[in-house]
Each structure stands twice: as C-alpha cells, then as structure tokens.
Amino acid sequence: MVFLLVSNDEFASLYLLALAALAKVVQDKEKLAKLAEATEPSEVREILDSLPLRMKAKMTVEEVMKWPEVVLDPEHTLQKVSYALEESRIDCAFVVDDKGILIGEINDLDLLRITAADVFSGEHERILLTKDAMQRKVPSLSPDHSVAEAAMQMVDQRRNRLPVVDGEGKLLGEVVWNDLIGKMLTK
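The structure contained in this document is the topic of the report that follows. In this text the structure is predicted, and so the values were computed from the model without any measurement.

Rules and cut-offs
- Residues numbered from 1 in each chain as written.
- Predicted model: local features only at pLDDT ≥ 70, side-chain atom pairs only at ≥ 80, totals over all residues.
- Heavy atoms only, no water.
- Buried < 20%, exposed > 50% of the residue type's maximum accessible area, 1.4 Å probe, protein only.
- Helix = DSSP H or I, 4+ residues; strand = E, 2+ residues; numbered from the N terminus.
- Pairing = 2+ DSSP bridges.
- Patch = residues over 30% accessible without salt bridge, like charges linked within 9 Å, V, L, I, M, F, W, Y side chains within 5 Å.
- Areas by Shrake-Rupley, 256 points an atom, 1.4 Å probe, with all protein chains shown as cover.
- Salt bridge = Lys/Arg side-chain N within 4 Å of Asp/Glu carboxyl O.
- Contact = heavy atoms within 4.5 Å.
- Axes fitted to C-alpha atoms, helices over the stretch in contact; angles between N-to-C directions.

Below, the discussion takes up the pairing of strand E5 (residues 171-176). Burial analysis of E5 places five of its six residues in the buried class, the great majority of the element. Pairing geometry for strand E4 (residues 161-165) and E5, over five bridges, is antiparallel. Each residue of the ladder has a partner; that of Pro-163, found in E5, is Glu-174. Counted along the chain from E4 to the antiparallel partner E5, the turn is five residues long, and its residue Gly-169 has a positive phi close to 95°.

A few words now on a nonpolar patch on the surface. On the surface, Met-1, Phe-3 and Val-26 cluster together into a nonpolar patch covering about 300 Å² of accessible area. Mapped onto the elements, Met-1 comes out in the segment before helix H1 (15-27). Judged by relative accessible area, which is 57%, Met-1 ranks as exposed.

Turning our eyes to something else, we now look at the environment of Ala-148. Locating Ala-148 in the fold gives a position in helix H8 (residues 147-157). On the basis of relative accessible area, Ala-148 is assigned to the buried category, the value being 1%. Here the alpha-carbon distance between Ala-148 and Lys-58, two residues 90 residues apart in the chain, equals 8.1 Å.

Strand order in the open sheet formed by three strands is E1-E2-E3, and the pairing between neighbours is mixed. The open sheet has two edge strands with one neighbour each: strand E1 (71-72) and strand E3 (102-107). Where strand E2 (residues 92-96) meets E3, five bridges bridge the pair, whose relative direction is antiparallel. Residue Val-96 lies in a different strand from E3, and its bridge partner there is Leu-102. Seen against the sheet, helix H5 (residues 78-88) touches E1, E2 and E3 and runs at an angle of roughly 70° to E3.

For the coordinates displayed, the defined rule picks out four salt bridges. Glu-30 is paired through a salt bridge with Lys-34; the nearest N and O atoms lie 3.5 Å apart. One end of the pair is Glu-30 and the other is Lys-34, both in helix H2 (residues 29-37) and four residues apart, which spans about a single turn. The exposure class assigned to Glu-30 is exposed, which follows from its relative accessible area of 53%. Relative accessible area serves as the criterion here: at 44%, Lys-34 is assigned to the partly exposed category. In this structure, Arg-159 and Glu-105 form a salt bridge, with 2.7 Å as the shortest nitrogen-oxygen distance. In this pair, Arg-159 is assigned in the loop between H8 and E4 and Glu-105 in strand E3, connecting sequence segments 54 residues apart.

Functional significance is not addressed by these values, which are geometric in nature.
Next up, the structure:
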C-alpha cells in the first residue's frame, strides 16, 4: 500500500498524528485487511476514524511533560556539568536561575567547544562555569501547546527535548520525543 498525505499550512502540524494513525493500521492485521478491501474513500475514512489516535491531537504538553533529570545552576563548573550529563546519559540540560527561570541550556557539544577553545588558548587553568558555555536562546513550549504542535516544533528544530515554561519563563518541565511519540501512539 502507498499512502499520500497532503495538507495545507493550517493542518501541517497534524501530519505526525496521521503517520502515527497509519502506523497503527499497518500493525493491526484486521484493520489493514479492511483497508485493503475498501473501495470508497468513505470506507477508508471510517477505518481511520475508528483509531484512538484521533483524540490524541487534543492532548496538551502538560499531559506528557515530566521534570528534567538534570537542571543546572549557571555557577556550576563544567566538570560538574560533564559529570551530570554523563551520569544521566543525556546530551542536554537546562539552566535556571535562583528563581527557577529558564536562562539557557548546555549540551555535550557546548562542553567540547568551550573546553577545546580554552585548551588551545592556553588558559585552561581558569575555572569554567555553566554560564560560560551555555546557549542563552532556548526554544520552549507552554503547557497548553498541543502534542502535535510540540512534535512539529521538535521536527522543525531537530531537537529531541524541549523545555516547558510558564508565562514568566519559569521551568515547569520538559517534553522528550520518545515520551511524546509513546503518548501519541498509545490506545
């Protein structure tokens, strides 16, 4: 079977949900057989409408977010950052100020960039801090974004996790791509 998905800009963010629905059809032998036997577009729509993923488009980020494994202080040393990322087996952590406001993120490539530059400059004896290496512009989500919007933002920005913040920028949690896909695909 070959599927063609066509959408305008208004519904482009829902294409991941449509793909997830099609993946569910392919996994369900009974629905796949019915789809193969369908002769009218209305029959195809009826089969797809019977899938539980239809309602998942209304699920919000707040329903799938969790607290990040690692949240860093801007004054942490890069050695502490490196250890925290390695121990938690993640490649990125968010940085918050003393009020919990998201002020940046740091990933393993930031660590490599800043430490390599420091070593090559010959000034590697100074203590480097999170604030010296972090990225200050961090794309984020609000808790009321839909999971479809979150998925599209992750795809568009090629990110596997995004922070969730309130209206003042306070970190509320994060959305990780595999949790998001898992929620979108559950019955």
